[in-house]
Amino acid sequence: MNREPLRFKNGKFKIMLIGDLHEKYDMHTEKAAEKVEDMHALLTKAVEQLNPDLAVYLGDNAWADDKMRMRSVISRILYPVSVKDIPFALVFGNHDRECGVSLEEQTRLYNEHDNCYLYNADDSITGCGNYNLLIKASKSDDNVLNLWFMDSNNLAENRELSKYDWVHQDQIDWYRKTALELKEKNGGKVIPALHFQHIPVPEEYELLREAKPYERLDSVPGHGKWSNKNYVLKETVEGYLGEGPCTPCVNSGQFAAWKEIGDVIGAFFGHDHMNDFAGYVDGIMLAQSKTAGFRPYTDGCRSGVRLITIDENTPENIHTKMYHFKDFGLKSKSLSPYMQNVSDRQDLKLKVAGALLGSVAAVATTAVAVNKVSKNKK
Ligand SMILES: [Fe+2]
Ligand SMILES: [Fe+2]
């Protein structure tokens, strides 16, 4: 990777997150073309309106069973970003290693595009695509912001401990070493940093609280060792909880390392297609970006992208917002009219409301019938 350094523009640096596209070579399954059209419509509109300085694909990006087909799928997911010459970076997700093309080969294929900033900083550590990118000031070569990208690996070796794997100790050691080197070069001051990774850290559960019995319809069951309880977002957390965060059940100490070094101000994750909440744990923002695609499981027209804006004068403050397909006024070609308007828990609530109305109507009909019978008796 030998690209021009990334820079703040007019005092801002804007990053657009693209989660879990799960794009694949196959175009023959039902509504495949319409799903790709919807994904392109969302990304094209988002790029036009949000004008990001960098797009970050958050993993579970592309699938194909050989190199030639993978090249085609990669071009397909990059098209709305590349056509506007927007630089892109990415992390790999658990599903990215389930195809016939290794992550190292995928890295080479992504790098066939001139706007690619993905690289692998250290071949000796676990995973592929562990790296950082420094963002320079608008008018000098000062490093204002740092971006970390880390491979959260696949499934855990010991499934009794956890379904999903975690960031390994050698990756955390690489982060710590590199962050301290950057600090030293920066006159002993840490450079504020954002972290991007596919599978979230277990600390996301600190953004949730156990649901009260009357909140049953608004809550979701947890994942793994949290699965015996139902959760809702704490009142201080913004956004939407569509499913229990599928984090590893083992805490690798990654979050503790961020706290120890003190550079990471926010960490952004994919993996959970219906979650788009953002909140703070011990002063570090943990935020989800839901799927921007229509191939994987979604919650209707709420596929979307997350925008992060950092101000050059106050890089320690994060401004972030989700933009959903429906917010752009787009009309889906792949979703049914019903799914375009209601989905997920809205859908469930409507069904429950329908059932309740049905019961009320049944009671009213019975009451009328009884009344008629009584009148007839007279
Ligand atoms: Fe996914
Ligand atoms: Fe995933």
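In this text the structure is predicted, and so the values were computed from the model without any measurement. (Residues numbered from 1 in each chain as written. Chains lettered and ligands numbered in written order. Predicted model: local features only at pLDDT ≥ 70, side-chain atom pairs only at ≥ 80, totals over all residues. Heavy atoms only, no water.)

A. Representation of the coordination of the iron ion (ligand 1). Those donors, Asp20 (OD), His22 (NE2), Asp60 (OD) and His273 (NE2), are the protein atoms that reach the iron ion (ligand 1), and they lie 2.0 to 2.3 Å from it. Coordination at the iron ion (ligand 1) is irregular: its four donor atoms span angles of 88 to 178 degrees at the metal. Going along the chain, you hit the donors of the iron ion (ligand 1) in the pattern D-x1-H-x37-D-x212-H. In this structure, the iron ion (ligand 1) lies 3.4 Å from the iron ion (ligand 2), and both are coordinated by Asp60. Residue Asp20 is classed as buried on the basis of its relative accessible area of 0%. (Donors = N, O, S within 2.8 Å, 3.2 Å for Na, K, Ca; no water. Tetrahedral: all angles 85-135°; square planar, octahedral: opposite > 155°, others 65-115°. Buried < 20%, exposed > 50% of the residue type's maximum accessible area, 1.4 Å probe, protein only.)

B. Highlighting the pairing of strand 8 (residues 143-150). Counting buried positions along strand 8 yields seven of eight residues, so the element is predominantly enclosed. Hairpin geometry of strand 7 (residues 131-136) and strand 8 is characterised by an intervening segment of six residues between the two adjacent antiparallel strands. Since strand 8 and strand 9 (residues 193-197) lie parallel, the crossover through helix 4 (residues 169-185) that links them has a hand, and here it is right-handed. (Helix = DSSP H or I, 4+ residues; strand = E, 2+ residues; numbered from the N terminus. Pairing = 2+ DSSP bridges. Right-handed = clockwise from strand over helix to strand, strands pointing away.)

C. How the structure looks around empty space enclosed by the protein. With the rule as written, the count across this model stands at three cavities of 30 Å³ or more. Quantified by volume, the largest cavity comes out at close to 70 Å³. Lining the largest cavity are 14 residues, and of these Trp166, Val167, Pro200, Pro248 and Gln254 sit closest to its centre. Here the residues of the lining of the largest cavity are counted per class, giving eight nonpolar, five polar and one charged. (1 Å grid on protein atoms, 1.4 Å probe; cavity = no way out; pocket = protein on both sides within 12 Å on 5 of 7 lines; lining within 4 Å. Points joined across faces, edges and corners; volume = space filled by probe spheres on them. Nonpolar A, V, L, I, M, F, W, Y, C, P; charged D, E, K, R; others polar.)

D. Spotlight on the pattern of salt bridges. Counting across every chain of the model gives 21 salt bridges. A salt bridge links Lys9 to Asp53; the shortest N-O distance between them is 3.3 Å. Here Lys9, found in the loop between strand 1 (6-7) and strand 2 (12-18), pairs with Asp53, found in the loop between helix 1 (32-50) and strand 4 (54-57); they are 44 residues apart in sequence, far enough to count as distant. Here Glu37 and Lys333 are joined by a salt bridge, their closest N and O atoms 2.8 Å apart. On the criterion of sequence distance, the pair formed by Glu37 in helix 1 and Lys333 in the loop between strand 17 (314-324) and helix 6 (337-341) is long-range, its members being 296 residues apart. Of the residues examined, Glu37 reaches a relative accessible area of 39% and is grouped as partly exposed. Put simply, Asp276, Lys290, Asp299 and Arg302 are held in one network by salt bridges that share partners. (Salt bridge = Lys/Arg side-chain N within 4 Å of Asp/Glu carboxyl O.)

E. Region of interest: the domain arrangement of the protein. Entries for the protein in the domain assignment read domain 1 (6-335) and domain 2 (342-378). Computed from C-alpha coordinates alone, the two centres of domain 1 and domain 2 are separated by 46 Å. (Domains from an automatic or database assignment.)

F. Examining the environment of Leu42 more closely. The topology assignment puts Leu42 in helix 1. For the pair Leu42 and Ser332, spaced 290 residues apart in sequence, the C-alpha separation works out to 9.5 Å. In this structure, Leu42 is in contact with Ala292, Ser303, Gly304, His324, Phe325, Phe328 and Leu330, ignoring residues within four places of it in sequence. (Contact = heavy atoms within 4.5 Å.)

G. Spatial organisation of the sheet that holds strand 17. Spatially, 6-4-2-16-17 is the arrangement adopted by the five strands of the open sheet, whose pairing is mixed. Across the chains shown, the open sheet's two edge strands, defined by having one partner strand only, are strand 6 (88-90) and strand 17. Across the sheet, the mean angle from the axis of one strand to that of its neighbour is 25 degrees, orientation sign disregarded. Bridge count for strand 2 against strand 4 is four bridges, and the pairing is parallel. Looking across to strand 4, one finds that Ile15 is bridged to Leu54. (Axes fitted to C-alpha atoms, helices over the stretch in contact; angles between N-to-C directions.)

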